[in-house]
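Here are the chains, one letter per residue:
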Amino acid sequence: MTDARTKRTQTLTAAAKAKSQAKTQAAEQALRRLIKRGEAITFQAVQREAGVSHAFLYNHPDLRGRIEQLRAQARPLPAPAIPADAESTLVLALTSQIIRLKKQHRQEIQALRDALEQAHGENLDLRRELNRRGLPGQVQPS
């Protein structure tokens with residue numbers, strides 16, 4: 001009985017160690033990807049990118065130190081100087097137009113969603129009123 005228990009304990013310990021190593025590797029790869037993309041290094045960004053918990057990152061001394069060091073090194077980059085050539089002006093104008101159109105699109109979608117929600121509410125009220133009056137031909141709620 002003791003040998004079986006010892007074997008189970010060893011198996012569980014090995015599995016936990018392998019899982020921890022996999023999480024560590026995932027966090028390190030996430031750090032490399034974030035750095036490569038030039039994104040801010042934060043515990044939350046690494047956690048999201050690697051699919052590990054905040055607690056794992058905070059409790060892992062090497063990862064925690066590396067994240068804190070990279071976070072401290074990160075400084076906001078100055079905005080690039082905008083060249084005054086016609087191509088850049090065109091790109092800026094089109095980018096601005098795309099941003100404006102996207103915002104307008106989001107607003108229109110929200111207005112349509114609000115109208116649909118209101119219509120569903122009115123429809124429900126009318127069905128309830130029909131049901132209350134006992135009118136024939138109504139659809140019974142399931």
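Refer to the structure above for everything that follows.
Nothing here was measured: the structure is a model prediction, and the numbers come from that model. (Residues numbered from 1 in each chain as written. Predicted model: local features only at pLDDT ≥ 70, side-chain atom pairs only at ≥ 80, totals over all residues. Heavy atoms only, no water.)

Peer 1: Is there a simple way to explain the side chain of Thr-24 in this structure?
Peer 2: The topology assignment puts Thr-24 in helix 1 (residues 2-37). Within the structure, the side chain of Thr-24 is placed 2.8 Å from the backbone oxygen of Ser-20, a separation counted as a polar contact. Other than its neighbours up to four places away in sequence, Thr-24 contacts Phe-56, His-60 and Leu-63. (Helix = DSSP H or I, 4+ residues; strand = E, 2+ residues; numbered from the N terminus. Polar contact = N/O pair within 3.5 Å; in protein donor to acceptor, adjacent residues only side chain to side chain. Contact = heavy atoms within 4.5 Å.)

Peer 1: When you look at the packing of helix 1 against helix 2 (residues 43-50) in this model, what are you seeing that I'm missing?
Peer 2: Working note: a packed helix pair is described by the angle between its axes plus the distance between those axes. Running from N to C, helix 1 and helix 2 cross one another at 115°; their axes reach a closest spacing of 8 Å. Taken as axis vectors, helix 1 and helix 2 run roughly perpendicular relative to one another. For the pair helix 1 and helix 2, the crossing hand works out as right-handed. Side by side, helix 1 and helix 2 meet where Ala-26, Ala-27, Ala-30, Leu-31, Arg-33, Leu-34 and Arg-37 of the first sit next to Ala-45, Val-46, Glu-49 and Ala-50 of the second. Looking at the contact of helix 1 with helix 2 residue by residue, the classes come out as eight nonpolar, no polar and three charged. (Axes fitted to C-alpha atoms, helices over the stretch in contact; angles between N-to-C directions. Parallel < 35°, antiparallel > 145°, perpendicular 65-115°, else oblique. Left-handed = near helix turned anticlockwise from the far one by under 90°. Nonpolar A, V, L, I, M, F, W, Y, C, P; charged D, E, K, R; others polar.)

Peer 1: What should I look at first to understand the packing of aromatic side chains in this one?
Peer 2: What describes a pair of aromatic rings is the distance from one ring centre to the other and the angle between the planes of the rings. Within this structure, the stated rule accounts for one aromatic pair. Taking 4.1 Å as the distance between ring centres and 15° as the angle between the ring planes, the aromatic pair formed by Phe-43 and Tyr-58 counts as stacked. With Phe-43 in helix 2 and Tyr-58 in helix 3 (residues 54-59), this residue pair connects regions lying 15 residues apart in the sequence. According to the relative accessible area criterion, Phe-43 is buried, its value standing at 3%. On the basis of relative accessibility, which here comes to 35%, the residue Tyr-58 falls in the partly exposed class. (Phe/Tyr/Trp six-rings, centres within 6.5 Å; stacked < 30°, edge-to-face > 60°. Buried < 20%, exposed > 50% of the residue type's maximum accessible area, 1.4 Å probe, protein only.)

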